[in-house]
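Residue-level listing of the chains:
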Amino acid sequence: MAYYNSIFSVVVALLATTFFCSYSANSNVSSVAVEQEAKALLQAGWWTHDSLDTSTPSPCNFSGVTCNRFGSITHISLLHNSKVQKNLGRFLNSSSFPNLVHLDLAEAGLVGSIPPEIGTLSKLTYLSLSNNNLTGDLPLSLGNLSQLLRLDISYNHINGSISPQLGKLSNLGVLNLSSNQINGRMPPTPGLLFNLTHLDISSNQIKGELPRSLTSLDKLVSLSLSSNELNGTLPSTLDQLTKLTTLSLGWNQINGKVPPELGNLRNIQSLDLDGNMFNGPLPSTLGHLINLTHLSFYGNQINGSIPPQIWNLTNLTYLDLSGNMFIGQLPSALGQLTNLSTLYLNSNQFSGSIPLDIGKLVNLQTLWLANNMFTGPLPSTLLHLTNLNSLYLSYNQLNRSIPSEIGKLVSLQTLLLSSNMFTGSIPQEVGNLKNLTYLSLWNNNLTGPIPSAICNLTKLESL
């Protein structure tokens, strides 16, 4: 028994000695690191020694700085202040932040280029440099930040092409390079970022076709490549991105037909293909997308009639099919879209009368049906839409008189009825529309005096 007690005592002593030596070593290393980190912060010129309460500056006392238990910096999040210009090169010149995992310099007033030293912050999981005035290329060294989960360099003036080195960031979940001046073709490397859930490269100058490798990003929830110079057809294999809730490809030069396979994206809530060169009819399979709240095809060359399945998308709050070549009459089924707040069908070739069921869209705030071939009177049910603030029916063949009940639409700010065939007088009740800023009735067959009630419209900017 004495023998075992002796052995136990030796083991305890060895463990205590090891712990003490290890702790002492960590303490010595961390004290050196703390001193270097404090010095690096001061050299950056973003913080001043005078602002600290102690003569021996600790980085933990700097605003926006968080440290670990050894006093080493782990988080830097500057208060958004773009009034003072800051150079990222001075901040990273010493590369003295070995434990930094979170760097948020959004709207911090950064100027100049992103220095290659950014790649020395090997433990970073979060990097945001958005909303600054950064210029130059994306440094190749960004590919060294293998722990990154989020990278946001949006709203700067970055140019050059997307480096294939970004394909090394295999842990990345969010990549946002939007609103820069990035050019060239999109490399296939984004297809290597298998953990991406959000990819936004919109508002740049990216050319060429969509890389087929995009369809391997099966965790994507949001894909935005709008406002670039992409061309070619839309790959039907996009339907492999079954987790997508947002797909935005507007304002490119994508052509061909809208692939019916898009109807397989059953989780999608927002689909925006505005301002491209899509042609042919709209596929009826879009009617399968029952979770859609936003659907927009403005400014394409889509023709034929609207598939009746579209009227089954009862969750829609925003529908824009304007600026195409749709034909036919609007069906009464339009009234099923009772959640709509915005409806743009202008600049097409719709004909016939405006259906009475449009009065069921009681949540409508914006209704544009201009530049079509609608005939007949204004439907009386239109006056049920008391939430309307914009009504644009110009350039049709609507006739008969303007109903006096139009004065009930007191939320209206814009009322445009010009270039139709309205007859009779302007109703006095127009004077009840106290929020009107734009009123256009020209090029009709109206007669009689201008009602004095027009003088009540004190917010008018255009008459």
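Scroll up a little and you will see the structure.
Residues numbered from 1 in each chain as written. Predicted model: local features only at pLDDT ≥ 70, side-chain atom pairs only at ≥ 80, totals over all residues. Heavy atoms only, no water.

Undergrad: Report on the state of the cysteines, specifying residues and quantitative values.
TA: Here the structure, examined in full by the defined rule, presents one disulfide. Linked covalently through their sulfurs, Cys60 and Cys67 form a disulfide whose S-S length is 2.2 Å. Across the disulfide from Cys60 to Cys67, rotation about the S-S bond amounts to roughly -125 degrees, and the bridge is consequently left-handed. A relative accessible area of 32% means that Cys60 is categorised as partly exposed. Residue classification places Cys67 among the buried positions, given a relative accessible area of 19%. (Disulfide = S-S within 2.5 Å. Buried < 20%, exposed > 50% of the residue type's maximum accessible area, 1.4 Å probe, protein only.)

Undergrad: Summarise the sheet that holds strand 5 (residues 110-113); cite the residues concerned and give the values.
TA: Taken together, the four strands give an open sheet; going across it, the order is 3-5-7-9, and neighbouring strands pair in parallel fashion. Strands with a single pairing partner mark the edges of an open sheet, and in this sheet they are strand 3 (86-87) and strand 9 (157-158). In terms of strand pairing, strand 7 (residues 133-136) meets strand 9 through two bridges, oriented parallel. If you follow Thr135 over to strand 9, its bridge partner there is His157. (Pairing = 2+ DSSP bridges. Helix = DSSP H or I, 4+ residues; strand = E, 2+ residues; numbered from the N terminus.)

Undergrad: Describe in detail the packing of aromatic side chains, supporting the description with residues and values.
TA: The geometry of an aromatic ring pair is captured by the separation of the ring centres together with the interplanar angle, meaning the angle of the planes. Considering all chains together, one arrives at nine aromatic pairs under this definition. The interplanar angle of 55 degrees and the centroid separation of 5.8 Å between the aromatic rings of Trp251 and Tyr298 together place this pair among those described as tilted. Placement of the pair is Trp251 in the loop between strand 16 (246-248) and strand 17 (253-257) and Tyr298 in the loop between strand 20 (294-296) and strand 21 (301-304), with a sequence separation of 47 residues. Residue classification places Trp251 among the partly exposed residues on the basis of a relative accessible area of 45%. Given the relative accessible area of 32%, Tyr298 is considered partly exposed. Summarising the aromatic geometry, the rings of Tyr344 and Trp368 are spaced 5.1 Å apart at their centres and angled 80 degrees between planes, so their arrangement reads as edge-to-face. With Tyr344 in strand 24 (residues 342-344) and Trp368 in strand 26 (residues 366-368), this residue pair connects regions lying 24 residues apart in the sequence. Counting every residue linked through ring pairs, the aromatic cluster contains Tyr318, Tyr344, Trp368 and Tyr392. (Phe/Tyr/Trp six-rings, centres within 6.5 Å; stacked < 30°, edge-to-face > 60°.)

Undergrad: I'd like to hear about the pattern of salt bridges, residue by residue, with values.
TA: Tallied over the entire structure, the rule returns two salt bridges. Across the salt bridge formed by Glu229 and Lys207, the nearest N and O atoms sit 3.7 Å from each other. Note that Glu229 is positioned in strand 15 (residues 229-233) and Lys207 in strand 13 (residues 205-208), a separation of 22 residues in sequence. Judged by its relative accessible area of 30%, Glu229 is partly exposed. Of the charged contacts in the structure, one is a salt bridge between Asp357 and Lys360, with a shortest N-O distance of 2.9 Å. (Salt bridge = Lys/Arg side-chain N within 4 Å of Asp/Glu carboxyl O.)

Note that all results are geometric; they support no functional claim without further evidence.
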